Amino acid sequence: MKAVVTLILYTLAGAALLAGLPYLLPLAGPFLIAFTAAAVMEPVVCALHRRGVPRSLAAGIVTILVLLVLGILLTLTVTNSVNALMTFAKRTPDLLETLSAALTDLQQRVLGLIRKAPEGVVEQLTIALEAVAGELYAVPAWLSEKLLGLVAGIAKRSPDLLLFTATTAIGVYFFSASYRDIMDFLQRQLPPKTRKKA
């Protein structure tokens, strides 16, 4: 009976965890990333600690170096992306004009071919061409709308992204400074048989 109750409780807990995962993941994300980063940085922190640097100072040094490198890479990426978007934005009127001219030319060529078609088909082909041309002329406006929506979405989410990044950076330091203690604590939570294997 006790095993059945335990199984039911574990099943309910698992179902609750799965149901809450979409809500918990954004909150737990910075800590999962920070713990993973601390695990990756652990060999360097241990090497500094073996050379006599206090663990918290070693964790701080490595965290700052990693964040500095990531910050430089992010800055370069964002700068290149912004420059590419600015160049594209400057060229957009010319591109749209060229696209419009190409579509008009294509439409005139197709109209020329339609005029050579049999009389009963000309009207149907003209209607179809006008429908296709209307859709093609709507593409630049659609692209512009999507691009503006993307930029607005990024601007809208920037405070959340900043909070996520700050929480992750602080978490990296604290997880790295206490990594051994955390791993020892987690090890003690395992059953004795599993502890020997881990």
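Report follows, based on the coordinates. (Residues numbered from 1 in each chain as written. Predicted model: local features only at pLDDT ≥ 70, side-chain atom pairs only at ≥ 80, totals over all residues. Heavy atoms only, no water.)

Details of the overall build of the protein
Now for step 1: Looking only at helices and strands, one finds five helices and zero strands in the protein.
Now for step 2: Taking the principal axes of the C-alpha coordinates as reference, the protein spans close to 90 × 55 × 30 Å.
Now for step 3: In the protein, buried positions account for 15% of the 198 residues.
Now for step 4: Across the protein, contacts joining residues at least 24 apart in sequence account for 66% of those joining residues at least 6 apart.
Now for step 5: Carbon and sulfur atoms make up 72% of the accessible area of the protein, which amounts to about 15300 Å² in all.
Now for step 6: Where the 18 positive side-chain charges of the protein centre and where its 12 negative ones centre are 24 Å apart. (Helix = DSSP H or I, 4+ residues; strand = E, 2+ residues; numbered from the N terminus. Buried < 20%, exposed > 50% of the residue type's maximum accessible area, 1.4 Å probe, protein only. Contact = heavy atoms within 4.5 Å. Areas by Shrake-Rupley, 256 points an atom, 1.4 Å probe, with all protein chains shown as cover. Lys, Arg positive; Asp, Glu negative; His and termini not counted. Charge placed at Lys NZ, Arg CZ, Asp CG, Glu CD.)

Topic: the pattern of salt bridges
Now for step 1: Counting across every chain of the model gives two salt bridges.
Now for step 2: Taking the shortest distance from any N to any O, the salt bridge between glutamate 42 and arginine 55 comes out at 2.6 Å. Of this pair, glutamate 42 sits in helix H1 (residues 2-50) while arginine 55 sits in helix H2 (residues 55-115), and the two are 13 residues apart along the sequence. Across the pair, exposure class does not vary: glutamate 42 and arginine 55 are buried alike.
Now for step 3: We note a salt bridge from arginine 180 to glutamate 42, for which the minimum N-O separation is 3.4 Å. With a gap of 138 residues between them, arginine 180 in helix H4 (residues 179-189) and glutamate 42 in helix H1 connect regions that are remote in the sequence.
Now for step 4: For arginine 180, a relative accessible area of 47% puts it in the partly exposed group. (Salt bridge = Lys/Arg side-chain N within 4 Å of Asp/Glu carboxyl O.)

Concerning the side chain of glutamate 42
Now for step 1: On the accessibility criterion, glutamate 42 (5% relative accessible area) is buried.
Now for step 2: Each residue touching glutamate 42, except ones within four places of it in the same chain, is listed here: Arg55, Ser176, Tyr179 and Arg180.

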